[in-house]
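Here is what each chain is made of, one letter per residue.
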Amino acid sequence: MNLANKWKRYFLEQPRPAAVFQIAPSYFACLKVGLEKKLSENDYFIQRIPAGVIEANFLQSNIRQPEILEQFIDRALQKLKLPGNSVTVILPETSSRVFVFSLEGTFLTPTELVKFIEWRLKRQLAQPLSDIRYSYQTFNSGREKKVLVVCSGLEVIKEYETIFQKKKLQPGKLTIPSLSIFNLLPGIKEDDFLVVDADFDYLSLMAVIEGSLYLYRQKQLLPSLENSLEVILKEVENTLYFIEDKTRRKVRLLCLRSNFEATESLKRVLQTTAAVEIVEIEPENRAIAPMLGGL
């Protein structure tokens, strides 16, 4: 079983929610979960959010104007008429931090593993662990074992949970867009590839080397389209050079999810300058792809 399939099984073997909500600094979206295989516009709600309503921060408050966010939730509920109150919430990408740690001991007890993770987090983060909530998953990486750790500010999580609970909704799983995109990877035969998730507000790069997750990078993007495309290209090139320098392996496959209208232009530039084959993730559903992966 390859990494993509393992990842899908880990995140999908959970009770299905009634809906998946996504909150980003630039837009709000909701997808009603149903049994139908083909989606229609009646199954989702998506709209741009005015600047300043949501600001993605790791520890500080994200929701600057809760009354406006509540209005978006009300409008989504009115349109979609959800069959239940259990929901998944996709937080702004840069409101969380993701780390990939190599384990120093292959056979760690659960207690030893937690101690190791918290020791590494203390070295990476500049705040007490009591201020954050984290989750993790271990996986094999060739001859060594690694652990993926996702952490968010405790107060940030609480504010999102509270605003949904106020609407009689019960947030079960909280996640971030890039992790959801990983669930949508097509069947991949290559052992080495780079996943690029580019949205209006963020860029995330996830490299898989020899069939296992090797690195995870997140970067906040500015509103300017021209600036964003330039940053994306530069970050992809730098990441490919870094991987080749550190692993002596050349990545030739790039899995791309882009929410930009200029996606085709971005693909052409990447193919030319980075010399990689590009497979697009959910090209027909670019805008709602994170919610599809969050089911």
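Shown above is the structure to which this text applies.
Residues numbered from 1 in each chain as written. Predicted model: local features only at pLDDT ≥ 70, side-chain atom pairs only at ≥ 80, totals over all residues. Heavy atoms only, no water.

Looking at the sheet that holds strand β1 (residues 19-23)
Here is step 1: A sheet is described by the order of its strands in space; here 5 strands give the open sequence β3-β2-β1-β4-β8, paired in mixed fashion. Looking along the sheet, the strands with just one partner apiece sit at the ends: β3 (44-48) and β8 (170-175). Within this sheet the neighbouring strands show an average axis-to-axis angle of 15°, counted without direction.
Here is step 2: With 5 bridges connecting them, strand β2 (residues 27-32) and β3 associate as antiparallel partners. (Pairing = 2+ DSSP bridges. Helix = DSSP H or I, 4+ residues; strand = E, 2+ residues; numbered from the N terminus. Axes fitted to C-alpha atoms, helices over the stretch in contact; angles between N-to-C directions.)

Looking at unusual backbone geometry
Here is step 1: A positive phi angle is found at Lys81, which is not glycine, with a value near 50°.
Here is step 2: The topology assignment puts Lys81 in the loop between α2 (66-80) and β4 (86-90).
Here is step 3: Residue Glu210 is not a glycine yet carries a positive backbone phi of 55°.
Here is step 4: Assignment of secondary structure puts Glu210 in the loop between β10 (202-209) and β11 (212-220).
Here is step 5: With a relative accessible area of 52%, Glu210 lands in the exposed category. (Buried < 20%, exposed > 50% of the residue type's maximum accessible area, 1.4 Å probe, protein only.)

Section: the side chain of Glu93
Here is step 1: Note that Glu93 resides in the loop between β4 and β5 (96-102).
Here is step 2: As a buried residue without a salt bridge, Glu93 has its nearest oppositely charged side chain in Arg257, at a separation of 7.9 Å.
Here is step 3: Within the structure, Glu93 has its side chain in polar contact with the side chain of Ser178 (distance 2.7 Å). (Lys, Arg positive; Asp, Glu negative; His and termini not counted. Salt bridge = Lys/Arg side-chain N within 4 Å of Asp/Glu carboxyl O. Polar contact = N/O pair within 3.5 Å; in protein donor to acceptor, adjacent residues only side chain to side chain.)

Structural notes on empty space enclosed by the protein
Here is step 1: Scanning the model with the defined rule gives 1 cavity of 30 Å³ or more in all.
Here is step 2: By volume, the largest cavity amounts to about 70 Å³.
Here is step 3: Its residues assigned to classes, the lining of the largest cavity comprises 9 nonpolar, 3 polar and 3 charged. (1 Å grid on protein atoms, 1.4 Å probe; cavity = no way out; pocket = protein on both sides within 12 Å on 5 of 7 lines; lining within 4 Å. Points joined across faces, edges and corners; volume = space filled by probe spheres on them. Nonpolar A, V, L, I, M, F, W, Y, C, P; charged D, E, K, R; others polar.)

A look at the packing of aromatic side chains
Here is step 1: Going through the model one piece at a time under the given rule, you end up with 9 aromatic pairs.
Here is step 2: A ring pair is formed by Phe21 and Phe28, whose centres lie 6.0 Å apart and whose planes are at 55°; its orientation type is tilted.
Here is step 3: We classify Phe28 as buried; its relative accessible area is 0%.
Here is step 4: Ring centres of Phe28 and Phe45 lie 6.0 Å apart, and the angle between their planes is 70°; this geometry places the pair in the edge-to-face category. Of the two residues, Phe28 sits in strand β2 while Phe45 sits in strand β3, which places them 17 residues apart along the sequence. Across the pair, exposure class does not vary: Phe28 and Phe45 are buried alike.
Here is step 5: Taken together, the ring pairs in this structure connect Phe21, Phe28, Phe45, Phe72 and Phe164 into an aromatic cluster.
Here is step 6: The ring of Phe200 carries Arg48 above its face, with NZ or CZ at 4.5 Å from the centroid. (Phe/Tyr/Trp six-rings, centres within 6.5 Å; stacked < 30°, edge-to-face > 60°. Lys NZ or Arg CZ within 6 Å of the ring centre and 35° of its normal.)

Thoughts on the sheet that holds strand β12 (residues 253-258)
Here is step 1: Pairing is mixed in the open sheet, where 5 strands are placed in the order β11-β10-β9-β12-β13. Two strands close off the open sheet at either side, each with one partner strand: β11 and β13 (277-280). Averaged over neighbouring strand pairs, the angle between their axes works out to 20° when direction is ignored.

Some points on helix α7 (residues 263-273)
Here is step 1: Taken together, the buried positions of α7 are occupied by Thr263, Leu266, Lys267 and Leu270. For α7, the buried positions fall inside an angular range of 100° around the axis, keeping them on one side. For α7, the exposed residues lying more than 90 degrees away from the buried face are Arg268 and Thr272.
Here is step 2: Ala275 occupies a position one or two residues after α7 and carries a positive phi of about 55°. (Arc of directions from axis to C-beta.)

Considerations on the environment of Glu161
Here is step 1: Mapped onto the secondary structure, Glu161 falls in helix α4 (residues 154-165).
Here is step 2: Once the C-alpha coordinates of Glu161 and Phe242 are considered, the two residues, 81 residues apart in sequence, prove to be 38 Å apart.
Here is step 3: With sequence-adjacent residues up to four places away left out, Glu161 is seen in contact with Arg133, Pro171 and Leu174. (Contact = heavy atoms within 4.5 Å.)

Distances and angles like these do not, on their own, reveal function.
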